[in-house]
Amino acid sequence: MEFTEAYKQTGPCCFSPNARYIAVAVDYRLMIRDTLSFKVVQLFSCLDKISYIEWALDSEYILCGLYKRPMIQAWSLTQPEWTCKIDEGPAGIAYARWSPDSRHILTTSKFQLRLTVWSLVNTACVHVQWPKHGSKGVSFTKDGKFAAICTRRDCKDYINLLSCHSWEIMGVFAVDTLDMTDIQWSPDDSAIVIGDSPLEYKVLIYSPDGRCLFKYQAYESGLGVKSVSWSPCGQFLAVGSYDQMLRVLNHLTWKTFAEFMHLSTVRAPCCAAVFKEVDEPLQLDMSELCLDDDFMGGSDAPGGHFKVRYEVMEVPITFPFQKPPADKPNPKQGIGLLSWSNDSQYICTRNDSMPTALWIWDICHLELAAILVQKDPIRAAAWDPISTRLVLCTGSSHLYMWTPSGAYCVSNPLPQFSITDLKWNSDGSCLLLKDKESFCCAAVPLLPESSDYSSDE
């Protein structure tokens, strides 16, 4: 892997959908860099510090959220002189997003008073009253024709279906939830999955015409659903729960066909490979160097040179487990991280009670494929959008990768660079790595058909 030099950032950074550009927030300036040369191709100055950025799907426009104002500014890469400013006045702006046609911006006001659709073509706007959430609760169909928006009035949750062509309300129906948390269209646009409050285990699947297709409840009297995710193929629905289990439903009967437990101790029989991150001191041959006694006396300083590698462990093995306090809300337990591979064959999970372990499950064989045990809590994990390859970071200077052939560690050569977040570009050729005040990119080689990586690369 090849790494670029570090560049300054003070906020969000992200690739454009066409993978040609990187948008970087530096205080009140928005820098657009070319992904090949990393030269600044456009520089836009906003009216305040940038809190949020999002590309339009056509990669021609980009919006900046200035939530301290609060205000939205949008820019065009093809027409740098074009400007757009959205201000909701006293209502404020809590969140903004693009519509699938890249010509409308949806903003949610503070206190969820209304959601507004702003047109960049004719300056028209449409209002939807009482949206349920600020940043969540809005989902678009894959073909971009319809939007589902969560609303709440008279202490009851509703789904509003809007046409993304005319932005007219096509239908409104009530849903059987206590406190709806989020919604997602299925990849084939045939169903909408709805998550309920964590206080009650309930996952609801509705058809676009308002019929409840299935109500799933794994248990009662306990904290319920923590994460929900459709597989890219649309055939599976994964549900992560506070009881530290992952359940997978099929899209035909909506029945559970797999239940995966996250135990603190893994015992035989277990066919999964367990990779544990270990430090290995660098063996430096200094026999031929002439060093005086003073230098040799100072060479025993703690924290010598180490390289990091994965070591394959034997079972049984016990992972570090954190028991959450019983008197605090939002306990750190259950499946907090849940992500599918691009081919829907694998799914990775993290049980928040064991934040240093990443579990990788094989859906085709319904078994545990691998466990990655890190020294530090896992900050982020992301699948290659093209190949079956998983990359994760823990806030250290290393990247950790897994493929069905094995796991390996990659050291970042930049000094004092701790990788706290990572993102793939859309063609899987480059990774964006973030530190606290800087970022860099890493060119990722294409994955060969049979990749033979050793664990200490």
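Residues numbered from 1 in each chain as written. Predicted model: local features only at pLDDT ≥ 70, side-chain atom pairs only at ≥ 80, totals over all residues. Heavy atoms only, no water.

The protein goes by Anaphase-promoting complex subunit 4 WD40 domain-containing protein in an unreviewed UniProt entry, where it is assigned to Gossypium barbadense.

K.L.:
Got a minute to help me understand the overall build of the protein in this structure?
P.N.:
A tally of regular secondary structure across the protein gives one helix and 41 strands. Reported as C-alpha extents along the three principal axes, the dimensions of the protein are approximately 80 × 55 × 50 Å. Per-residue burial for the protein yields a buried fraction of 53% across its 457 residues. Of all intrachain contacts in the protein linking residues separated by at least 6 positions in sequence, the fraction that spans at least 24 positions is 45%. Just so you have it, the protein exposes about 21700 Å², and 51% of that area is on carbon and sulfur atoms. Computed over 40 positive and 53 negative side-chain charges, the inter-centroid distance for the protein is 9 Å. (Helix = DSSP H or I, 4+ residues; strand = E, 2+ residues; numbered from the N terminus. Buried < 20%, exposed > 50% of the residue type's maximum accessible area, 1.4 Å probe, protein only. Contact = heavy atoms within 4.5 Å. Areas by Shrake-Rupley, 256 points an atom, 1.4 Å probe, with all protein chains shown as cover. Lys, Arg positive; Asp, Glu negative; His and termini not counted. Charge placed at Lys NZ, Arg CZ, Asp CG, Glu CD.)

K.L.:
It is not clear to me how the layout of surface pockets should be interpreted in this structure. Could you clarify?
P.N.:
Leftover empty space is mapped by rolling, across the atoms, a probe with the size of a water molecule. Counted as a void, the largest pocket has a volume near 1100 Å³. Around the largest pocket sit 26 residues that line it, and L57, F140, Q184, S229 and W230 are the ones nearest its centre. Only β7 (52–55), β11 (95–98), β15 (138–140), β19 (182–185), β23 (225–230), β31 (335–340) and β35 (380–383) provide two or more residues apiece to the lining of the largest pocket. Its residues assigned to classes, the lining of the largest pocket comprises 15 nonpolar, seven polar and four charged. (1 Å grid on protein atoms, 1.4 Å probe; cavity = no way out; pocket = protein on both sides within 12 Å on 5 of 7 lines; lining within 4 Å. Points joined across faces, edges and corners; volume = space filled by probe spheres on them. Nonpolar A, V, L, I, M, F, W, Y, C, P; charged D, E, K, R; others polar.)

K.L.:
Where do I start with the domain arrangement of the protein in this structure?
P.N.:
How big an interface is tends to be reported as the loss of accessible area on association of its parts. Domain annotation for the protein reports domain 1 (9–87), domain 2 (98–217) and domain 3 (256–281 + 307–323 + 331–445). For domain 2 versus domain 3, the distance between C-alpha centres works out to 32 Å. (Domains from an automatic or database assignment.)

K.L.:
Is there a simple way to think about the sheet that holds strand β6 (residues 40–45) in this case?
P.N.:
The strands that make up a sheet are held in pairs by hydrogen bonds between backbone atoms, and each pair lies either parallel or antiparallel. With antiparallel pairing, four strands are arranged side by side in an open sheet as β3-β4-β5-β6. The outermost strands of the open sheet, each flanked by one partner alone, are β3 (13–15) and β6. If you compare each strand with its neighbour and ignore which way they point, the axes differ by 15° on average. Sheet topology note: the strand β4 (residues 21–26)/strand β5 (residues 29–34) ladder contains six bridges and is antiparallel. Within β5, the position partnered with A23 by the bridge is I32. (Pairing = 2+ DSSP bridges. Axes fitted to C-alpha atoms, helices over the stretch in contact; angles between N-to-C directions.)

K.L.:
Please explain the pairing of strand β18 (residues 169–174) as it appears in this structure.
P.N.:
Each regular strand shows side chains that alternate between the opposite faces of the sheet. Two strands pair when backbone bridges link them, and strand β17 (residues 156–163) and β18 are joined in this way by five bridges, in the antiparallel orientation. Across the sheet, residue L161 finds its bridge partner in β18, namely G171. From the end of β17 to the start of β18, which pair antiparallel, there are five residues, and W167 there has a positive phi angle of about 60°.

K.L.:
Looking at this structure, how should I read the sheet that holds strand β14 (residues 125–129)?
P.N.:
Strands sit in the order β11-β12-β13-β14 across an open sheet of four strands; the sheet is antiparallel. Edge strands, defined here as strands with exactly one partner in the open sheet, are β11 and β14. The sheet shows a mean angle of 20° between the axes of neighbouring strands, taken without regard to direction. Where strand β12 (residues 104–108) meets strand β13 (residues 114–119), five bridges bridge the pair, whose relative direction is antiparallel. Looking across to β13, one finds that T108 is bridged to L115.

K.L.:
What's the story with the pattern of salt bridges in this structure? I'm lost.
P.N.:
Should the charged atoms of two oppositely charged side chains come close, the side chains can pair. Inspection of every chain in the model, using the stated rule, returns 20 salt bridges. In this structure, the salt-bridge partner of D48 is R69, at a minimum N-O distance of 3.6 Å. One end of the pair, D48, is in the loop between β6 and β7; the other, R69, is in the loop between β8 (61–66) and β9 (71–76), and 21 residues separate them in sequence. A residue is classified by how much of its surface remains accessible, and R69, at 46% relative accessible area, is partly exposed. Measuring nitrogen to oxygen at the nearest pair gives 3.3 Å for the salt bridge that ties E311 to R309. On the basis of relative accessible area, E311 is assigned to the partly exposed category, the value being 31%. (Salt bridge = Lys/Arg side-chain N within 4 Å of Asp/Glu carboxyl O.)

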